[in-house]
Amino acid sequence: MNVGQILRSALLTLRSQKLRTALTLFGMVWGTASVVFLMSWGLGLERMIDEGFNKIGNNVVHIWAGKIGEDFTPALDRRELWFSRDDVEAVRRGVKSADIVLPESRGWYSATYGETMLSRDVRGVEPAHMIVRNTRIAAGRMISADDVRSRRRVAVLGSKTRHELMGAGARLGAKIRVMGTPHRVIGFLEPVGTQLTRDADEIDDQIWVPLTTLLGQRESPIENEEVIDIIVLRAKSREVFEQLKREVRPILSRRLGVSPDDEEAYILVSPIESLQNMPIGRMRGMLFVLAVTTLGIGGIGILNMMLDSVQERRQEIGIRLAVGARRRDVVAQFFMETLVITSVGGVLGLVFGLVFCLFLAGLQVPDVIPLPIVKPWIIWLALSVMGIVGVLSGIIPAWRAAGVEPSVTLRAE
Amino acid sequence: MGAAAAVTTPVVELDRISKIYASGRVHVEALRGVDLRIERGDLLAILGPSGSGKTTLMEILGCLLQPTSGVYRFNGEPIHTIKPDGLARLRGEEIGFVFQSFNLLPRLTAVENVELPLSYRKVGRRERRRRALEALERVRLGERTRHLPSEMSGGERQRVAIARALINTPSFILADEPTGNLDTRTGGEIMALLHELNADGTTVVLVTHDLAIGDQAKKRLYICDGEVQDGAQENRGDS
């Protein structure tokens, strides 16, 4: 028999066994679609986590001043700790695994525009905050070194603050009042979206002003001192994070006059650490197991149907053997039948899986729900596993049935 | 095989053929040392009650089953030396099967069923169709070529099966109770057809328990308890 004949015969058989064909097809479609979706969604989840951390900044590390925590220190020394500009400078000089070290101060202050007054997370920043925070300017410009030097009363607004404070009337150059004094709006930040970790309010809710401006206007907690609330660092890579912690500890302990073992003297937080603690590996493993199980169930379905089909058609096999079919002719016939089912089911499953992915991508879902990412290897994986399972489950029973003496197969009813 | 050899060599030669079915500890000797010669042009009836071993003999003759011992020569060639693919070719080209239950493929039309043996040989599509229609014509079914077996009477189905058996002009037609599922009149028609084919030169081997049918054969072989009855291969020596 040539391929065309075998194909015709296969289609004929499949058409005459509609229910069985439909059920098998369903198994194939379901299996392939689920695998495509699960794997893509898993990838999306990973990317979302990754991006979520990047939103707060590229490998950003925050150091917050704490308090002296050891029990035996005299009550007088149980003081709140704080950073000075010199502390920031010392960290900048001494920590080799960070390429950017910045001072930042912050507080909740009122912001007024027209009739609207809001309480906002106001950050005193320097130009390099743009880089560390991994944000972009949507309109206008970022606070410049000159703004910082001259203590200019200028402000850059996060996207939500912009809408909630200024509404439709938002424009550059407008005056808003921050901490009671007028500030000129010089820039708007692009929306950042949900940050998976954050130090206070999300960037979208913040107002950025020059660090010097903020320090000059707020009442300092320590008299005649410029108090820096946070030291913001960017680690050169995720890998050097542990080294960075080891480098920071002796410098800050010495400068703050606390024991190097004091865990409460300052708090070092970073999304890198959270990322390292996230069970991403386990999640990936779980999705993989789910996908493999789904594929397995689909495969068993096909295997079962082909076993059944071969069993039911043993007499047909016997007749074919009696009129001159070789073992491989019989196998070729069943191979073609499963190949047709597998191809149709695989392609349909692929289409359903992709359509579902696209459908999800088109929905206006909150950005805490990951969108699936389809990669070619996922398609190949799903198709090849389904293909191999399908084809093997067609060949093996037929190979065995056609291997016994024709008299036995022929007598089967 | 040359024409000269064909004249002298019997189509089938069985030499002390035995078949033992072993199932666990139980051994059933279905055939005990059967000798048999089938000459070209024969019309041989193998007769015996059910359980006599005649079905086993039929299956061995049809290369559907291997004997436990003994030598089976097909056109002079011992079949135990033939590989499985060779046996498939033998079944397809040299032996035409006619079964009691017709054994047509239910999803194929009459002409497609007749074509089936050719589809396993390298025969072009058009040639297949031409020869299948010719074979159907020969069994006088030229009108019902596009029908499915389920749309045909028992006699018609058996004629389709005979057409299928004829299509490769086999060395012999092996008919296993060909009238068993048919009424007397239709059975008679089928027998007449087989006689007609034999008269045209086709070797026919009938396996039956029906003595009336056996009586119509040129030669008869009685088999009982797996053995050929003494002097049972009789020659009616007609024609």
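Bear in mind the structure is a predicted one, so any value in this text is a computation, not a measurement.

Thresholds, definitions, all that
Residues numbered from 1 in each chain as written. Chains lettered and ligands numbered in written order. Predicted model: local features only at pLDDT ≥ 70, side-chain atom pairs only at ≥ 80, totals over all residues. Heavy atoms only, no water. Helix = DSSP H or I, 4+ residues; strand = E, 2+ residues; numbered from the N terminus. Rg over C-alpha atoms; globule rule 2.2 N^0.38 Å. Contact = heavy atoms within 4.5 Å. Areas by Shrake-Rupley, 256 points an atom, 1.4 Å probe, with all protein chains shown as cover. Lys, Arg positive; Asp, Glu negative; His and termini not counted. Charge placed at Lys NZ, Arg CZ, Asp CG, Glu CD. Domains from an automatic or database assignment. Core = buried A, V, L, I, M, F, W, Y, C linked by side-chain atoms within 4.5 Å. Buried < 20%, exposed > 50% of the residue type's maximum accessible area, 1.4 Å probe, protein only. Pairing = 2+ DSSP bridges. Axes fitted to C-alpha atoms, helices over the stretch in contact; angles between N-to-C directions. pLDDT = per-residue confidence, 0-100. Salt bridge = Lys/Arg side-chain N within 4 Å of Asp/Glu carboxyl O. Parallel < 35°, antiparallel > 145°, perpendicular 65-115°, else oblique. Left-handed = near helix turned anticlockwise from the far one by under 90°. Nonpolar A, V, L, I, M, F, W, Y, C, P; charged D, E, K, R; others polar.

### Here's the deal with the overall build of chain A
Counting its secondary structure elements, chain A contains 14 helices and 10 strands. For a compact globule of 413 residues, the expected C-alpha radius of gyration is about 22 Å, and chain A comes in at 33 Å, more than 25% above that figure. Reported as C-alpha extents along the three principal axes, the dimensions of chain A are approximately 105 × 55 × 30 Å. Considering only intrachain contacts with a sequence separation of at least 6, the fraction spanning at least 24 residues in chain A is 78%. Counting only carbon and sulfur atoms, one obtains 60% of the accessible surface of chain A, whose full area is about 19600 Å². Across chain A, the mean location of the 50 positive side-chain charges is 8 Å away from that of the 45 negative side-chain charges.

### Quick notes on the domain arrangement of chain A
In terms of domain boundaries, chain A breaks down into domain 1 (3-53 + 279-411) and domain 2 (60-269). Look at where the C-alpha atoms of domain 1 of chain A and domain 2 of chain A centre, and you get two points 56 Å apart.

### Description of the nonpolar core
Counting residues in each nonpolar core, the largest one holds 70 residues, and the members touching the most others are Val12, Leu14, Ile46, Leu57, Leu61, Tyr72 and Phe172 of chain B. Broken down by element, the residue count for this core peaks at seven residues, all from helix α10 (residues 280-312) of chain A. Counting 36 residues, the second-largest nonpolar core is a separate cluster that includes Ala110, Leu136, Leu197 and Ala217 of chain B.

### Points about unusual backbone geometry
Residue and element names in this part refer to chain B. Of note, the phi angle at Arg16 is positive, near 50°, even though the residue is not glycine. Relative to the helices and strands, Arg16 is located in strand β1 (residues 12-23). In this structure, Cys63 is a non-glycine residue whose phi angle is positive, near 60°. Inspection of the secondary structure puts Cys63 in the loop between α2 (54-61) and β4 (69-74).

### Observations regarding the sheet that holds β1 of chain B
Residues and elements named next belong to chain B. With antiparallel pairing, four strands are arranged side by side in an open sheet as β2-β1-β4-β5. The sheet terminates laterally at β2 (26-38) and β5 (77-78), the two strands that pair on one side only. As paired elements, β1 and β2 share nine bridges and run antiparallel to each other. Bridge pairing in β2 places Ile17 opposite Val34. Relative to the sheet, α2 contacts β1, β2 and β4, its axis offset from that of β1 by approximately 120°.

### What to know about the confidence of the model for chain B
All names here are of chain B. Of the residues in chain B, 92% have a pLDDT of 70 or more, and the chain-wide mean is 88. Mean pLDDT across the elements of chain B bottoms out in helix α1 (residues 3-8) (52) and peaks in β4 (94). Note that residues 1-6 has pLDDT below 50 and, in this model, two contacts with residues that lie over four places away or in other chains.

### Focus: the pattern of salt bridges
Residues and elements named next belong to chain A. Counted under the stated rule, the structure contains 42 salt bridges over all chains. One salt bridge in this structure joins Arg234 and Asp99, with 3.1 Å as the shortest N-O distance. In this pair, Arg234 sits in strand β9 (residues 230-235) while Asp99 sits in strand β2 (residues 98-113), placing the two residues 135 residues apart along the sequence. Arg123 is the partner of Glu104 in a salt bridge, and the nearest nitrogen-oxygen pair spans 2.6 Å. Taken together, the residues Glu104 in strand β2 and Arg123 in strand β3 (residues 116-125) connect sequence positions 19 residues apart. Looking at Glu104, the relative accessible area reads 1%, which means it is buried. Overlapping salt bridges bring together Glu104, Arg106, Asp121, Arg123 and Arg133 as one network.

### Points about helix α11 (residues 314-322) of chain A
Extensive coverage of α11 of chain A is indicated by the burial of seven of its nine residues. Gly324 of chain A occupies a position one or two residues after α11 of chain A and carries a positive phi of about 110°.

### Here we look at the packing of helix α12 (residues 327-362) of chain A against helix α13 (residues 376-401) of chain A
Residues and elements named next belong to chain A. Packing of α12 against α13 leaves a shortest axis separation of 8 Å and a crossing angle of 155°. It follows that α12 is roughly antiparallel to α13 by the angle criterion. The element α12 and its partner α13 pack so that their crossing is right-handed. Residue-level inspection shows Arg327, Val330, Val331, Phe334, Phe335, Thr338, Leu339, Thr342, Gly346 and Leu350 of α12 in contact with α13, the latter providing Ile379, Leu383, Met386, Gly387, Gly390, Val391, Gly394, Ile395, Ala398, Trp399 and Arg400. Per-class residue counts for the contact of α12 with α13 are 13 nonpolar, six polar and two charged.

### Points about the environment of Glu312 of chain A
Residues and elements named next belong to chain A. Of note, Glu312 is situated in helix α10. Measuring from C-alpha to C-alpha, the distance between Glu312 and Tyr266 comes to 76 Å, with 46 residues separating the pair along the chain. In this structure Glu312 touches Gln17 and Arg20, once residues within four positions along its chain are discounted.

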